[in-house]
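Per-entry structural report
This is what each chain is made of:
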Amino acid sequence: AAPPCTSARSVGRNATASHRPSAPVMVDCSSPSTTIRFRRVVEGWSVLREGRYTTAGPEPPARPAIFLSSVGAAERLERFLASISVRPKVHLAFLDHAPWDTPAIADSLEAIRESAGGAEPIIMATDKDGPRTAELPNLDLETWMLRSGLAPIDDPAPLLAAFRANPEGAGRGGARPDRLG
């Protein structure tokens, strides 16, 4: 029998409303019927203080915000933010791994200040992009980083059993069965 491996793919466009399209899944390649779907969850927020991110709590302060990202699917990020009731005044979505347009960021921050009666906005970013905020020149603003992860939608026990039955194949495809059960 072929050793178990994992395959990351997206749930098809005909997925039910409770399981968004493009939800990550893990598949036991030796038994494709053994599948685990995942959903993105908030692990917490961190705030940048004195050049270091420290855990800050379950949600950011209720202040005007700009959200900066350079992820592959900005629309998916926006759906996730809406699902957790995070509604920044502006979301500047740059291409994945692209340089950030500092003048566009500065212009957006100024527009937020004007619309908020001069209130200082905060910067928000994903855990992938949070460290990049320190590279922004002349921005002495509070910066919040959204830490997120994946939680299984389906029971991981069948896939974990396949991994435990054949530990040599468990690491293929970047699998981390130790983080599922």
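To keep things clear, this report deals only with the structure shown in the data block. Note that the structure is a prediction, hence the values are computed from the model and not measured. (Residues numbered from 1 in each chain as written. Predicted model: local features only at pLDDT ≥ 70, side-chain atom pairs only at ≥ 80, totals over all residues. Heavy atoms only, no water.)

Core analysis: the biggest nonpolar cluster contains 13 residues, and Trp 45, Phe 67, Leu 81, Met 124 and Trp 144 have the highest contact counts within it. Listed by contribution, the elements that provide at least two residues to this core are strand E3 (35-49), strand E5 (65-69), helix H1 (74-83), strand E7 (122-126) and strand E8 (143-152). (Core = buried A, V, L, I, M, F, W, Y, C linked by side-chain atoms within 4.5 Å. Buried < 20%, exposed > 50% of the residue type's maximum accessible area, 1.4 Å probe, protein only. Helix = DSSP H or I, 4+ residues; strand = E, 2+ residues; numbered from the N terminus.)

In the structure shown here, the tally under the stated rule is six salt bridges. As a salt-bridge pair, Lys 128 and Asp 96 come within 2.4 Å of each other at their nearest N and O atoms. Pair noted here: Lys 128 is in the loop between E7 and E8 and Asp 96 is in the loop between strand E6 (90-93) and helix H2 (102-115), with a separation of 32 residues, a long-range link. Looking at Lys 128, the relative accessible area reads 36%, which means it is partly exposed. (Salt bridge = Lys/Arg side-chain N within 4 Å of Asp/Glu carboxyl O.)

Once that is clear, we can look at the packing of aromatic side chains. Enumeration over the complete set of coordinates arrives at one aromatic pair. Summarising the aromatic geometry, the rings of Phe 94 and Trp 100 are spaced 6.2 Å apart at their centres and angled 25 degrees between planes, so their arrangement reads as stacked. Assessed through its relative accessible area of 11%, Trp 100 is described here as buried. (Phe/Tyr/Trp six-rings, centres within 6.5 Å; stacked < 30°, edge-to-face > 60°.)

Backbone phi values are negative for most residues with the exception of glycine, while trans is the configuration of most peptide bonds. A positive phi angle, near 65 degrees, is found at Ser 85, a position not held by glycine. Relative to the helices and strands, Ser 85 resides in the loop between H1 and E6. A positive phi is found at His 97, a non-glycine position, where the angle reads about 65 degrees. Mapped onto the elements, His 97 comes out in the loop between E6 and H2.

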